Amino acid sequence: MAVYNKSMEKITYRLVRSDRRTLAVEIKDGELLVRAPRRTSKGAIDRFVLEHRDWIEAHLTRARERQQVAATTDKLTEAALAELTLKAREVIAKRVALYAPQVGVTYGRITIRHQKTRWGSCTAEGNLNFNCLLLLAPLEVLDSVVVHELCHRKEMNHSQRFYAEVLRVYPDYRKWNRWLKDHGHELMARLPG
């Protein structure tokens, strides 16, 4: 589907209707996806898209730039990825052991993965998962993710209390989280396949 803005520039989107209650836009694989309630009119959907065109254009541009980076980035070989994963087990375990007492928590098993969308996670049981690609980032980035996940042992949400705890332990968290948002796609582009 498509809608035209005042300059007669075409904005193309894929429409997905469902039982949802609100309209939403997202960029997925460089494509604009509009999610809409089943009974929403095409006119209402087009108005919604036009109202959000600045956000859409900025994020589409960024998504296309990231796709271009991914297409031109040298991929890790399977052997290099396996070696990185082994090294990550050792390094990340040490960083977790360093920060857990500062956060004041315990933790369970540490698992190292190579996911395309996540840097870390914490289960309700206290098991921690980290992306091996964090080893390709500055150590401060790794530490910011470690502290973030350890703080989930106290707060399993992203509330103000959660971020207050993160910042108490790691005052530069926002700086290094921004680095990861700005450059993380370059690291993810290194994954094979």
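Refer to the structure printed above.
This text gives an overview of the structure that appears in the document. (Residues numbered from 1 in each chain as written. Predicted model: local features only at pLDDT ≥ 70, side-chain atom pairs only at ≥ 80, totals over all residues. Heavy atoms only, no water.)

### Things to note about the side chain of aspartate 46
Then, number 1: One can find aspartate 46 in helix H1 (residues 42–51).
Then, number 2: For aspartate 46, a relative accessible area of 13% corresponds to the buried category.
Then, number 3: Among the polar contacts made by the side chain of aspartate 46, one reaches the side chain of tyrosine 13 at a distance of 2.6 Å. (Helix = DSSP H or I, 4+ residues; strand = E, 2+ residues; numbered from the N terminus. Buried < 20%, exposed > 50% of the residue type's maximum accessible area, 1.4 Å probe, protein only. Polar contact = N/O pair within 3.5 Å; in protein donor to acceptor, adjacent residues only side chain to side chain.)

### A few points about the layout of surface pockets
Then, number 1: Roughly 1,200 Å³ of volume is contained in the largest pocket.
Then, number 2: As for the largest pocket, its lining consists of 34 residues, and the residues nearest its centre are Arg66, Lys116, Thr117, Trp119 and Met188.
Then, number 3: Breaking the lining of the largest pocket down by element, the ones donating at least two residues are strand S4 (24–28), helix H2 (53–72), strand S7 (120–122), helix H4 (139–151) and helix H6 (173–188).
Then, number 4: When grouped by side-chain class, the residues that make up the lining of the largest pocket number 12 nonpolar, 13 polar and nine charged.
Then, number 5: Its volume calculated, the second largest pocket comes out at about 190 Å³.
Then, number 6: Forming the boundary of the second largest pocket are 12 residues, of which Lys10, Ile11, Glu57, Leu60 and Arg64 lie nearest the centre.
Then, number 7: Elements that contribute at least two residues to the lining of the second largest pocket include exactly strand S2 (10–12) and H2.
Then, number 8: When residues of the lining of the second largest pocket are assigned to their parent elements, the largest contribution, six residues, is made by H2.
Then, number 9: Considered class by class, the residues forming the lining of the second largest pocket number four nonpolar, three polar and five charged. (1 Å grid on protein atoms, 1.4 Å probe; cavity = no way out; pocket = protein on both sides within 12 Å on 5 of 7 lines; lining within 4 Å. Points joined across faces, edges and corners; volume = space filled by probe spheres on them. Nonpolar A, V, L, I, M, F, W, Y, C, P; charged D, E, K, R; others polar.)

### Describing the packing of helix H3 (residues 78–103) against helix H5 (residues 160–169)
Then, number 1: At a closest axis distance of 10 Å, the pairing of H3 and H5 adopts a crossing angle of 115°. H3 and H5 meet at a crossing whose hand is right-handed. Across from Tyr99, Gln102 and Val103 in H3, the residues of H5 making contact are Glu165, Arg168 and Val169.
Then, number 2: Residue composition of the contact of H3 with H5, by class: three nonpolar, one polar and two charged. (Axes fitted to C-alpha atoms, helices over the stretch in contact; angles between N-to-C directions. Left-handed = near helix turned anticlockwise from the far one by under 90°. Contact = heavy atoms within 4.5 Å.)

### Details of the nonpolar core
Then, number 1: Core analysis: the biggest nonpolar cluster contains 36 residues, and Trp119, Phe130 and Leu150 have the highest contact counts within it.
Then, number 2: Looking at this core, the elements that each hand over two or more residues are H3, strand S8 (128–131), H4, H5 and H6.
Then, number 3: In terms of residue count, H3 provides more of this core than any other element does, eight residues in total.
Then, number 4: Filtering out sequence-adjacent residues up to four positions away, phenylalanine 130 remains in contact with Ile92, Val96, Ile110, Thr111, Ile112, Arg113, Trp119, Gly120, Val145, Val146 and Glu149.
Then, number 5: Formed by 12 residues, the second largest nonpolar core is a distinct cluster that contains Ile11, Tyr13, Val34 and Ala36. (Core = buried A, V, L, I, M, F, W, Y, C linked by side-chain atoms within 4.5 Å.)

### Considerations on H3
Then, number 1: Compared with an ideal rise of 1.5 Å per residue, which puts 26 residues at 38 Å, H3 spans 35 Å between its outermost C-alpha atoms and is within 8% of the ideal.
Then, number 2: The largest bend in H3 amounts to roughly 25° and is located at alanine 88.
Then, number 3: Residues of H3 that are buried include every one of Leu81, Leu84, Thr85, Ala88, Ile92, Arg95, Val96, Tyr99, Ala100 and Val103, and no others.
Then, number 4: On its buried face, H3 sits against strand S6 (110–113), S8, H4 and H5.
Then, number 5: At the C-terminal side of H3, glycine 104 shows a positive phi close to 85°. (Expected span 1.5 Å × (residues − 1). Bend = angle between axes of the 7 residues up to and from the residue.)

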